[in-house]
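Residues per chain are reported as follows:
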Amino acid sequence: MSYRTADFSPLVTLDDVRGAQKMLSGVARTTAMEGSRHLSRLVGAPVHLKCENLQRTGSFKLRGAYVRIAGLLPEERAAGVVAASAGNHAQGVALASSLLGVRSTVFMPSGAPLPKVAATRHYGAEVRSYGTVVDETLAAAQEYAAETGAVFIHPFDHPDIIAGQGTVGLEILEQCPEVRTVVVGIGGGGLAAGIAVAVKSLRPDVRIVGVQAAGAAAYPASLAAGRPVSVGNPVTMADGIRVGRPGDVPFRIIGELVDEVRTVSEDALSSALLLCLERAKLVVEPAGASPVAALMSEPDAFEGPVVALLSGGNVDPLLMQRILRHGMAANGRYLTVTLRLPDRPGALATLLGVLSVVDANVLDVSHVRTDPRLGLTEVEVELHLETKGPEHCAEVNSALRQAGYTVID
């Protein structure tokens, strides 16, 4: 399905992307393309992972930021630049500015992960904390630009940004010339728009599939309406694509050149992140894992060879820990069971014996004795178990019920 706009005219051209590629020579890495045997078996065709999570600053954002800042006039550079971001764009702008000798100020929300804040400072930016959500931070950065004359560097809604991100598309065609489908995550749309320009200009037969988190999916409604539509309070673990409204410039390009936009669930995102870590040995953030989530959710929908773009790897360790547990639960590798048993000596040992027989590893046990729902001689026990998959989870629950325990759903 292609979303066509009636008044389409090229906002970014192949020549723009090629010019950006020359500009980025020696600045951005040509990131690796890795085959995935597991995903290839699942899809029934070769699947390759384009590893922008291994890019400098840990994501593709350096590409667009450098091209945008390098294109500024001397007087604009002298005024400095300002950006707003919770992580990846912040680091891209900080490093690009340092490489070009331009002063940078980056506004970050107060809840931004400390490793991302520290990395942004390390790359040379002055970091200012403002607001609790990116929209508030964005408004503060734009106000700062108006007051000081600094140039605001938008994370996705500018032709130079899109041209820079489009260099990923040129690399995909060089590294995998036989590609039939490219799958890319979409937030504001700069990356997907740039890749679509590069790939469709040279290979119009290649299918471009965008992926959004279901809780932050502004593009399907916007494409159906023919104009950017805002999604109120976008909610997803994938902060890199948690954008409430498409950018005006990328929206026009995506409407013309992207063949389809799919959505994926939070369970699918966490499962994809876990797969990247376990099978591919790659640390990928939830937004970067969204193309893998789409492949895992409906593997028969993609014609191969497929290139799935891992757009970034900047994930806070604490968030990673929570996501991995979520992914393990979604894959039947982690099971929480609440049940009731008699409050007498040896009752817990008997319960653990049942779990031992079915080879469930107990990670944690908690007791509740004071809940008014419980009888005088009852105790409620919550067990956190390491399991081996959905079938093993069903076996554990069945064994508990057969042993006479009341399992609380």
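Computed from a predicted structure; not experimentally measured. (Residues numbered from 1 in each chain as written. Predicted model: local features only at pLDDT ≥ 70, side-chain atom pairs only at ≥ 80, totals over all residues. Heavy atoms only, no water.)

Participant: I'd love a proper account of a positive patch on the surface, names of residues and values included.
Facilitator: There is a patch of like positive charges on the surface, built from Arg37, Arg41, Arg279 and Lys281. Considering the arrangement of structural elements, one finds arginine 279 in the loop between helix H12 (266-278) and helix H13 (290-297). (Patch = residues over 30% accessible without salt bridge, like charges linked within 9 Å, V, L, I, M, F, W, Y side chains within 5 Å. Areas by Shrake-Rupley, 256 points an atom, 1.4 Å probe, with all protein chains shown as cover. Salt bridge = Lys/Arg side-chain N within 4 Å of Asp/Glu carboxyl O. Lys, Arg positive; Asp, Glu negative; His and termini not counted. Charge placed at Lys NZ, Arg CZ, Asp CG, Glu CD. Helix = DSSP H or I, 4+ residues; strand = E, 2+ residues; numbered from the N terminus.)

Participant: So what's going on with the packing of H12 against H13? Which residues, and what values?
Facilitator: Running from amino to carboxyl end, H12 crosses H13 at an angle of 105 degrees, the nearest separation of the two axes being 8 Å. Between H12 and H13, the crossing angle belongs to the class labelled roughly perpendicular. Contacts between H12 and H13 pair Ala268, Leu269, Ser271, Ala272, Leu275 and Cys276 from the former with Ser290, Val292, Ala293, Met296 and Ser297 from the latter. Partitioned by chemical class, the residues of the contact of H12 with H13 number eight nonpolar, three polar and no charged. (Axes fitted to C-alpha atoms, helices over the stretch in contact; angles between N-to-C directions. Parallel < 35°, antiparallel > 145°, perpendicular 65-115°, else oblique. Contact = heavy atoms within 4.5 Å. Nonpolar A, V, L, I, M, F, W, Y, C, P; charged D, E, K, R; others polar.)

Participant: Kindly report on the sheet that holds strand E7 (residues 181-185), identifying the contributing residues and their values.
Facilitator: Spatial strand order, E1-E2-E10-E7-E8-E9: six strands in an open sheet with mixed pairing. Edge positions in the sheet fall to strand E1 (33-35) and strand E9 (260-264), since each has one partner strand and no second. Adjacent strand axes in the sheet meet at a mean angle of 25 degrees when their direction is disregarded. Relative to strand E2 (residues 47-51), E1 runs antiparallel, the two sharing three bridges. Paired with methionine 33 across the strands is lysine 50, a residue of E2. Against the sheet, helix H9 (residues 190-202) engages E7, strand E8 (207-213) and strand E10 (306-310), with an angle of about 160 degrees to E7. (Pairing = 2+ DSSP bridges.)

Participant: Please provide a residue-by-residue account of unusual backbone geometry, values included.
Facilitator: Following glycine 304, the chain continues to proline 305 via a peptide bond in cis, the omega torsion being -5 degrees. For proline 305, the location among the structural elements is in the loop between H13 and E10. The phi angle at aspartate 359 is positive, at roughly 65 degrees, despite the residue not being glycine. On the basis of relative accessibility, which here comes to 44%, the residue aspartate 359 falls in the partly exposed class. (Buried < 20%, exposed > 50% of the residue type's maximum accessible area, 1.4 Å probe, protein only.)

Participant: Please provide a residue-by-residue account of the packing of helix H15 (residues 347-357) against helix H16 (residues 390-402), values included.
Facilitator: It is the contact of H15 with H16, at a shortest axis distance of 9 Å, that shows an interaxial angle of 140 degrees. With respect to their mutual orientation, H15 and H16 come out oblique. In this structure, H15 crosses over H16, and the sense of that crossing is right-handed. Between H15 and H16, the residues in contact are Leu351, Val354 and Leu355 and Val396, Ala399 and Leu400, respectively. (Left-handed = near helix turned anticlockwise from the far one by under 90°.)

Participant: Any chance you could break down the sheet that holds strand E3 (residues 81-84) for me, citing the residues and the numbers?
Facilitator: Read across the open sheet, the four strands follow the order E5-E4-E3-E6; overall the sheet is parallel. Every interior strand has two partners, whereas the edge strands, strand E5 (126-129) and strand E6 (151-152), have only one. In this fold helix H6 (residues 114-122) packs onto strand E4 (104-108) and E5, with an angle of close to 175 degrees to the strand it touches most, E4.

Participant: I'd like to hear about the environment of tyrosine 334, residue by residue, with values.
Facilitator: Locating tyrosine 334 in the fold gives a position in strand E11 (residues 334-342). A relative accessible area of 12% means that tyrosine 334 is categorised as buried. Residues within four places of tyrosine 334 in sequence aside, it is in contact with Arg325, Met328, Ala329, Leu363, His384, Leu385 and Thr387.

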